[in-house]
Every structure is written in structure tokens, then in C-alpha cells.
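A look at the structure
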Amino acid sequence: MQFNSIIGQKVLINKLISGYNDNRVAHTQLFLGNEGTGALPIAIAYAQFLVCPRKTDNDSCGQCASCKKFEKYAHPDLHFYFPTATNQSVKKDPKSSLFLADWRSHLTDSNAYITLNSWYEHMGIGNKQGYIRKDDANEIITKVSLKAYEGSYKIVIIWMVDKMNESASNKLLKTLEEPPNNTILILIGEKYEQLIPTVRSRAQLVKIPRLSNEDISSQLINKGVSESESEDIALLSNGNWNLALEIKENAIETQANFLNFRKWLRLCFQPKNYTELLRFNQEMAKVGREKQKSFLNYGLEVIHNSILQNNNHGKIVKKAGDELDFTQKFAQFINEANQKELYTTFNQAIYHIERNANAGILFSDLSFQIVDLIAKGRSYAISS
Ligand SMILES: [Zn+2]
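Before going into details, it helps to say that this report is about the structure given with it. These numbers come from a predicted model, not from an experiment. (Residues numbered from 1 in each chain as written. Predicted model: local features only at pLDDT ≥ 70, side-chain atom pairs only at ≥ 80, totals over all residues.)

A look at helix 14 (residues 321-331)
Turning to helix 14, its buried residues number three or more, namely Glu 323, Phe 326, Thr 327, Phe 330 and Ala 331. Seen end-on, helix 14 carries its buried residues on one side only, within an arc spanning 130°. Turned more than 90 degrees from where helix 14 packs its buried face, Gly 321, Asp 322 and Asp 325 sit exposed. Of the surrounding secondary structure, the elements contacted by the buried residues of helix 14 are helix 11 (241-269) and helix 13 (289-310). (Buried ≥ 20, exposed ≤ 12 C-beta atoms within 10 Å, placed from the backbone. Helix = DSSP H or I, 4+ residues; strand = E, 2+ residues; numbered from the N terminus. Arc of directions from axis to C-beta. Contact = placed C-beta atoms within 7 Å.)

What follows is the structure, given as C-alpha cells:
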């Protein structure tokens, strides 16, 4: 990972580079930054820069043998420690070195922009908390006592040092205080107050600021998001790149739900075309429980918005374009003849999906109910 693939943070990166040029690289540094600011990718890019034998004035070369190993997060002088817990394959005494393959694949998948939650999910540890433990501390002490393989720096990155337990940090105090020559320890943490004081007092603090909205939106535009949507997401994401990505994914899901829901409703409006409706239900039965639930929840949201629309609260309906247009048209058929029953019907469907109902039967049944309920609302609307 090179500095040039870090999102934003130019000021900070220049500071790290000029520190190196002025021969001021502290042996123990604490990178402190909130989730989604890029503390881990910056630490990796910094390590790659320090170790690269062909670095330029402002970045690692990205081409040499050392950089190639860094790109795979597998350089022999780069050591990672991070929170772990037991899972299906590590049933006792968890420690970082037992999870290295998982760790590297997670970094590769997300360009090192990971979160504590994404890592826990990747490890598959359920609801357990991860810790950096005494066994990790012992390995760190052994690692730093050995010579660097390739002769320059040896770098130990301890990610989420907030999760280091007391026995581990007590073991490490001397190493943090005075690491061997040419060893750089980079501790990464999110919450200063949660760090053990004896640990934080031994490290030089490097604050990683939140990302600017401009940095987030231009990165989203690079990923194909439209300019106006990028700005909206950046505003909501609070300087957190991971949150921005999550909002973007949700927006994609909402769009898919909208297109599907509109298609379904159109079929329910012309119930003579049972073949198409049946096909739709079969498709829905295949998509998996989470998507089915998300689709049905979207349906509830449309009904809710239609009711708001009908009661002159249209201004708080946060929809635009085709979606708003659809909601307004749909609202014409939602009224006291069917709104309560529609709510109940969708909620019941969600309830049954959660309890593993046969989705094919459920969606067929639901479709017939919707056909009737729409018809009811329609005749009510005509007669009143
Ligand atoms: Zn290089």
C-alpha cells in the first residue's frame, strides 16, 4: 500500500515524510483516529515507505521486491498484532499469529480500510469480544529481539491497542519504552481514554484527523457514484470512509428494492397476469432471507410514506425522482379501507420469514392478499 492510495490525509502524510527526512522517526508511535479515518492503511503505507530501498521523496516505489511483499501484507519485517477470539477453527488460546491468513485476506478485500466489526465478522467470532493477549505480547517480544530480515527497519503494527488487556500491556512496557534498534512500533487506537496510561505515555502521539467531506465525495465519485449523491453521502458519513461505503451500499439496496417493489405492485394491479406474478414470487423465494426481509421492510416504508403523503405530511417523505413519483401514485390507492391491513400483512410476512417459512408459498400468499387489498383501496378511492 502506497501513500498515493490513501484517501485524503495529505497534511498528515507530508508530516510523516518530513519526519523521516529530518531523521525524526519515533520508535514507538500511537496513531490515534476514529473509525474510517484510515489509520491502519496509513500505518501500512508508512511502514512500506520506511522499508522501501528505492523510495522517492514522497512515496515508496511500489515496484521493488520489498514493496511487492508489502502489497500482499506479507513482508518478513512487517508484523501485525490485532484483537482475536476463539472461532470454529481456533477453539482455544487465540492469538494474532493463528489468524494471519484471515487477516491478510480481510486487508486485501478492503484495501486495509477495515473496522473492528468487519474484522470480528470476518473472523466469525459471533458475539464475543476480541483481545490482544499475553501470548501476543510474548510473540512481539520475540519478534523484536530478532534481526530484520532485509536489513532495514522492522515494523510491528498493533491494531486496536484499545483492546490490549492488562497482562499483555504489562509485559510490553519495556519494549514500548525502548524497542531494539531499527524497530518501529506503531500502535493504532481509536479511544485515547481507553488506552492503558502506561502504554499511551510511552508512545509519540500521531493524531489522524477525520476525513473531509470533499475527500469522501471525490473518492465516491471515483467509484462511480453521481456527484450529488456523493455529496449527500459525505455529509452523512461524519468523516468516516467505512460509514460512507455502508451508506452507499444501502442506497444500492434501496434502489434494487424500489425497482422490485414497483414491478411487483404493477403485477398486483393486473392480477389476470398470474404467470408473471408467479414468476416474480419464485424469484423472490430464491434471494435469501435477509434480502426478502429488506424487501418487505421497504414495502412497509412505502406504505408509511403513502400515508404521510395522504395526510399532507408529504414534505417529510425523504424520496426523490422516480421513487417519489411512485410513492405519490401508490398513495392514491392507500386509504382507510386497506392501510391498517396492509401494515399487518407485511409485518406478518416479515415475522414468518424470520421463522423460516417457505418463501415460495409466503410470497404467493402475500401477492394474493395484496391484490385484494389494492382492489379494496381502489374501489374506496373511486366511491369517495
Ligand atoms: Zn519499493
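A look at unusual backbone geometry
Most peptide bonds are trans, and most residues other than glycine sit at a negative phi. For Ala 112, which is not glycine, the phi torsion reads 70° and is therefore positive. Along the polypeptide, Ala 112 turns up in the loop between helix 4 (100-110) and helix 5 (116-123). In this structure Ala 112 comes out as buried when scored by C-beta crowding, with 21 C-beta atoms within 10 Å. Of note in this structure, Asn 182 is not a glycine but carries a positive phi near 60°. Structurally, the position occupied by Asn 182 is in the loop between helix 7 (166-177) and strand 4 (183-189).

A word on the sheet that holds strand 3 (residues 154-159)
Within the open sheet, the 5 strands sit side by side as 2-3-4-1-5. Their pairing is parallel. Among the strands making up the open sheet, the edge pair consists of strand 2 (78-81) and strand 5 (204-207). Pairs of neighbouring strands in the sheet enclose a mean axial angle of 20°, with direction left out of account. The pairing of strand 1 (residues 28-32) with strand 4 spans 5 bridges and is parallel. If you follow Phe 31 over to strand 4, its bridge partner there is Ile 188. In the packing of helix 2 (residues 39-51) onto the sheet, contacts are made with strand 1, strand 2, strand 3 and strand 4, and the angle to strand 3 comes to roughly 175°. In the packing of helix 6 (residues 134-145) onto the sheet, contacts are made with strand 2, strand 3 and strand 4, and the angle to strand 3 comes to roughly 165°. (Pairing = 2+ DSSP bridges. Axes fitted to C-alpha atoms, helices over the stretch in contact; angles between N-to-C directions.)

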